[in-house]
Amino acid sequence: MSNQVVNSYRFASGSTLPVTTDLKAWWDFSDIDTITKDGSDNVSQVDDKSGNGYHLVQATGSAQPAWLSANRNGLDTVDFGSAGFMQASWDVLAQPHITGGACFMPPSDTAQDNVYDIYASVDGNSGGGFANADTTPRLIIYSPSEVSGSDSGFSATWAYFMNTYGTSADLRMNGSSLGTGNTGTTGYNGITVNRHRSSATYGNIIAGEIFVYTSALSSGDITSLETYLSDKWGF
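Criteria and thresholds
Residues numbered from 1 in each chain as written. Predicted model: local features only at pLDDT ≥ 70, side-chain atom pairs only at ≥ 80, totals over all residues. Heavy atoms only, no water. Helix = DSSP H or I, 4+ residues; strand = E, 2+ residues; numbered from the N terminus. Rg over C-alpha atoms; globule rule 2.2 N^0.38 Å. Buried < 20%, exposed > 50% of the residue type's maximum accessible area, 1.4 Å probe, protein only. Contact = heavy atoms within 4.5 Å. Lys, Arg positive; Asp, Glu negative; His and termini not counted. Charge placed at Lys NZ, Arg CZ, Asp CG, Glu CD. Expected span 1.5 Å × (residues − 1). Core = buried A, V, L, I, M, F, W, Y, C linked by side-chain atoms within 4.5 Å.

Further remarks concern the overall build of the chain. A count of helical and extended segments in the chain gives one helix and 17 strands. In terms of overall dimensions, the chain is globule-like: its C-alpha atoms have a radius of gyration of 16 Å, near the 18 Å expected for 235 residues. Taking the principal axes of the C-alpha coordinates as reference, the chain spans close to 40 × 40 × 35 Å. Classification of the 235 residues of the chain by burial places 54% in the buried group. Pairs at least 24 residues apart make up 67% of the contacts formed inside the chain by residues separated by at least 6 positions. Of the charged side chains in the chain, 10 are positive and 23 negative; the average position of the first set lies 2 Å away from that of the second.

Have a look at this one:
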């Protein structure tokens, strides 16, 4: 978990994403102005910087992640650990869409360790997400059909991701595609960070930021966002 600092001054709390068209939600864990935490640095809410009001929340103290000061590239992060998770709900998010961000990735083990899970119903009957998968360690995006790639170099380390869901799905890590395919057409009405929607399996991630777009975006927009993530988080 490198603390190398690369121009962190460029990404103050008032910074914006390079692409704002079709932005659904944006949780910037480095922006202290969006973080609600107690005196022990347990986080109960992360405000949505898109302006759409899809705040991540966790009211249960034992499931609240921990705020970390200047943890990555001089920027604050939030450590979700082995029991923390946060959720946000919205109206239906159709495919195609993109979820991107930067985090300390789940380890490679026998559990399905989710960075995030997106669900089609509040009771968690169906859904998709992004995980280091069980049985055969590999990264997957699923929705509900999966696209996978090797987790080599992306297990228990910092990385940035840009995952496109839909008929032209693309699992991208650190600016490169690891797998393409078709993840299906299911729509979703929420997100859970660091946990599977219906089973108590956790990703043990440290989150820098996560954002969601309601379209697949152009290749130029994807490159712009990947450059932003790489520069901001010190890759």
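Moving on, there is more to tell.
Here Gly208 is to be found in strand 17 (residues 206–213). Contacts of Gly208, omitting those with residues within four sequence positions, involve Trp27, Asp28, Phe29, Ser30, Ala102, Cys103, Trp158 and Trp233.

Another aspect to go through is helix 1 (residues 219–232). Compared with an ideal rise of 1.5 Å per residue, which puts 14 residues at 20 Å, helix 1 spans 20 Å between its outermost C-alpha atoms and is within 8% of the ideal. Taken residue by residue, helix 1 has Ile222, Leu225, Glu226, Tyr228, Leu229, Ser230 and Lys232 as its buried positions. Each element contacted by the buried residues of helix 1 is listed here: strand 1 (23–28), strand 6 (75–79), strand 8 (97–104), strand 13 (158–165), strand 14 (169–173) and strand 17. Gly234 lies just past helix 1 and shows a positive phi near 80°.

By size, the foremost hydrophobic cluster in this structure holds 38 residues, and its most contacted members are Trp27, Phe29, Leu56, Phe130 and Met173. Sort the elements by how many residues they give to this core and strand 7 (residues 86–93) lands first, with four residues. Beyond its immediate stretch of four places on either side in the chain, Met173 contacts Met105, Phe130, Leu139, Phe154, Ala159, Tyr160, Phe161 and Leu178.

With an omega of 5°, the peptide bond running from Gln95 to Pro96 counts as cis. The topology assignment puts Pro96 in the loop between strand 7 and strand 8. For Ala70, which is not glycine, the phi dihedral falls at a positive 45°. Along the chain, Ala70 falls in strand 5 (residues 66–72). For Asn73, which is not a glycine, the phi torsion comes out positive at approximately 55°. Considering the arrangement of structural elements, one finds Asn73 in the loop between strand 5 and strand 6.

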